[in-house]
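Letter by letter, the chains look like this.
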Amino acid sequence: MRGDKMIEVNHLSFAYDPAEPVLSDICFQAGRGETIGLIGANGAGKSTFLRMLVGLELSFEGEILIAGERLEKKNLDQVRSRIGYVFQDSDSQLFMTTVEEDVAFAPRNYGFPEEEVRRRVDMALEKVHIEHLRGKSIYKLSGGEKKRAAIATILSMDPEVILMDEPSAALDPKNRRNLIHVINGLEGTRIIASHDLDFIRDTCERTVLLSEGRIIYDGPSQKVLQDRELLEAHNLELPLSLMHVITHTHDGSTHTHMFVHEHAAEHGKDHGTGHGADHGTGHEAMHQADHGTGHETEHGASGIDD
Amino acid sequence: MSKIDHAMHQLHSLESMAKEERWINRLHPSVKLFLTILYVVLTVSFSKYQLAGLLGMVIYPAALFIVAELSLKDALWRLRIVLPLVCIVGAANPFLDRTAAMNLGGIVVSGGVLSMLSLMLKGVLAVLASYLLIATTSIEKICYALRQAHVPKILVTEILLIYRYITVLLSETRRVVTAYSLRAPKQKGIAFAAWGPLAGQMLLRSMDRAERVYQSMCLRGFRGEFCFGGTGAPGRTDVLWLVFWTAMLLVLRFVPVMEIVGGLFV
């Protein structure tokens, strides 16, 4: 874990209905500056977990500490000022008439002078590269623009922690790549809940796998995202860019190679492009598997032996 | 474009209009709000037979339409549902008050007709003045001006939230209606039997979405009152505009300007 603890969750349990626990005995820590992917099938408890970190659900058992401060009703405002939460549905996040007003909403509420509000708005819009949309009406934005505007609305708070719920949902490949670029350029602790494992792979160094309200895995993303057995056991699938296993024979023996497009992954990290998924490498690999050519090395594949 | 889409488009175009970079839009919202209230109060204070005096009050909205470069035709089209209702208010007067009030070239005009016309004119002028305010001032700025006028914060927040949730309700309605019509392609409108479930769905979904919007606001420091920024104290232009129109409206109300002008030609 990088730096000191930013988030600490101790024995957290939560249920809407006592008979069906949503989260059970979760213990979790996140350091300053860490980027953590939260993966899990539908109903695993990812969104609920994020909502709890930001105090939208307070009737839980256990303890949540944000920067060492215990999350309680009485200090909710204080804790929330440190956390930015990006909703899955950007339409719920954007409610003012223009992008600029929406981005200025938080700093104004936190009582910053108008000059500081303007500085923060400029900074937030610049970070997500939507300075040109400043005066645009919210309803005229495209899906990708809305997502970036939604991120800008929380960046203007200058949060120490950024929580994102399915940020890549309903984005086209180009907007998805732009978003990866934006997220990789952000500072602070980031927790991203997503089904999009390629997206997690391109943005997060650490991944937590939730299943039926429990943490099943917590460790390096590269490791869990290549663990087909573990993922499938919890109703997930390998990321598209990793999922194609090529079996071909050399010397009469069978070798199973996993197509790992490391170069693409690095490229995606550095430039926010996520080529691994967007350039359809999975399809290439599938094609190669079908024909048994094993051309993966030409593409910089590592050819990890299973 | 469906009716709902059209309604949303109208709402957003009005918002865009209010945010345009025109001189009149940049005037201090408190000044515009005060003048609008003053105008409405003075307009409705005319007695029911003072039609001539009331005609003088047309000057203010006419001037604003010119200065703001707004289209009267467009305004009347937008207000096409409200204006007939306003006009209906005095419709019964000609039957209730038949006393002769004036003689126009041999035609006797009853008090009822006069009062009906003045009521209609009052209504139309008041609605037009309100329209001019919202077409040149964003809802946030109007609410800011209301807070400056010490209107209780709960009331101002209610106004803003209702305004915000109109869009939420409309967009949820659009989704529900679209989903329905796609599965009932040959049907015109919505079957009576489906009204109940659809209304229930719309209510639940709107509440759900409204809750998320509210949560999003709370997560960004909202504590029950909207904070409005970017509007400083009124400047010299604002004061001049205020003084000029306050004086003008008072003159139009208390000096029989139209009769004096009319007297010049008789």
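A. Just the nonpolar core, in detail. Judged by nonpolar contacts, the single largest core of 44 residues is most densely connected at Ile39(A), Val99(A), Ile130(A), Ile151(A) and Met164(A). Elements supplying a minimum of two residues to this core: helix H4 (99-109), helix H5 (114-127), helix H6 (143-155), strand E7 (161-165), helix H7 (173-184), helix H8 (197-203) and helix H10 (228-233) of chain A. Of the residues forming this core, the biggest block, 6 residues, is contributed by H6(A). In contact with Val99(A), not counting residues within four places along its chain, are Leu125(A), Ile130(A), Leu133(A), Arg134(A), Lys136(A), Ile138(A), Leu141(A) and Ala149(A). Within the second largest apolar cluster, 37 residues are counted, among which are Leu38(B), Leu42(B), Tyr60(B) and Val86(B).

B. Quick peek at the layout of surface pockets. Estimates place the volume of the largest pocket at around 690 Å³. Residue lining of the largest pocket: 31 residues in total, with Glu100(A), Glu101(A), Lys19(B), Lys141(B) and Gly229(B) positioned closest to the centre. Looking at the lining of the largest pocket, the elements that each hand over two or more residues are H4 and H5 of chain A together with helix H2 (23-26) and helix H10 (139-148) of chain B. A per-class count over the lining of the largest pocket returns 10 nonpolar, 9 polar and 12 charged. A volume near 580 Å³ is recorded for the second largest pocket. Elements with a minimum of two residues in the lining of the second largest pocket: helix H1 (3-18), helix H9 (111-136) and H10 of chain B. In terms of residue count, H1(B) provides more of the lining of the second largest pocket than any other element does, 8 residues in total.

C. Quick look at the packing of aromatic side chains. Applying the stated criterion across every chain, the model contains 14 aromatic pairs over all chains. Relative to Phe105(A), the ring of Phe95(A) has its centre 4.8 Å away and its plane inclined at 85°; by these criteria the two rings are edge-to-face. With Phe95(A) in the loop between helix H3 (90-93) and H4 and Phe105(A) in helix H4, this residue pair connects regions lying 10 residues apart in the sequence. Each member of the pair, Phe95(A) as well as Phe105(A), carries the same accessibility label: buried. When the centroid spacing of 5.1 Å and the interplanar angle of 80° are considered together, the rings of Trp23(B) and Trp241(B) count as edge-to-face. Taken together, the positions of Trp23(B) in helix H2 and Trp241(B) in helix H13 (residues 236-254) put the pair 218 residues apart, joining distant regions of the chain. Three or more aromatic residues joined by ring pairs make a cluster, and in this case those are Trp23(B), Tyr39(B), Tyr60(B), Trp241(B), Phe244(B) and Trp245(B). Above the plane of the ring of Phe46(B) lies Arg253(B), whose end atom (NZ or CZ) is 4.4 Å from the centre.

D. Up close: the environment of Gly68(A). All names here are of chain A. One can find Gly68 in the loop between strand E4 (61-66) and strand E5 (69-70). The exposed category is assigned to Gly68, whose relative accessible area is 64%. Distance from Gly68 to Lys5, taken between C-alpha atoms, is 7.6 Å for residues 63 residues apart in sequence.

E. Broad picture of the interface of chain A and chain B. Taken together, the 27 residues of chain A in the interface contact 26 residues of chain B. For the pair chain A and chain B, the summed buried surface comes to about 2,500 Å²; carbon and sulfur atoms form 55% of the total. Close ionic contact of Arg223(B) with Asp77(A) constitutes a salt bridge, the shortest N to O distance being 3.1 Å. Elements represented by at least two residues in the side of chain A that touches chain B include exactly helix H2 (76-80), H3 and H4 of chain A. Here the element with the most residues in the side of chain A that touches chain B is H4(A); it accounts for 6 residues. Considered class by class, the residues forming the side of chain A that touches chain B number 11 nonpolar, 6 polar and 10 charged.

The rules behind the values
- Residues numbered from 1 in each chain as written.
- Chains lettered and ligands numbered in written order.
- Predicted model: local features only at pLDDT ≥ 70, side-chain atom pairs only at ≥ 80, totals over all residues.
- Heavy atoms only, no water.
- Core = buried A, V, L, I, M, F, W, Y, C linked by side-chain atoms within 4.5 Å.
- Buried < 20%, exposed > 50% of the residue type's maximum accessible area, 1.4 Å probe, protein only.
- Helix = DSSP H or I, 4+ residues; strand = E, 2+ residues; numbered from the N terminus.
- Contact = heavy atoms within 4.5 Å.
- 1 Å grid on protein atoms, 1.4 Å probe; cavity = no way out; pocket = protein on both sides within 12 Å on 5 of 7 lines; lining within 4 Å.
- Points joined across faces, edges and corners; volume = space filled by probe spheres on them.
- Nonpolar A, V, L, I, M, F, W, Y, C, P; charged D, E, K, R; others polar.
- Phe/Tyr/Trp six-rings, centres within 6.5 Å; stacked < 30°, edge-to-face > 60°.
- Lys NZ or Arg CZ within 6 Å of the ring centre and 35° of its normal.
- Buried area = accessible area lost by both parts, 1.4 Å probe.
- Salt bridge = Lys/Arg side-chain N within 4 Å of Asp/Glu carboxyl O.

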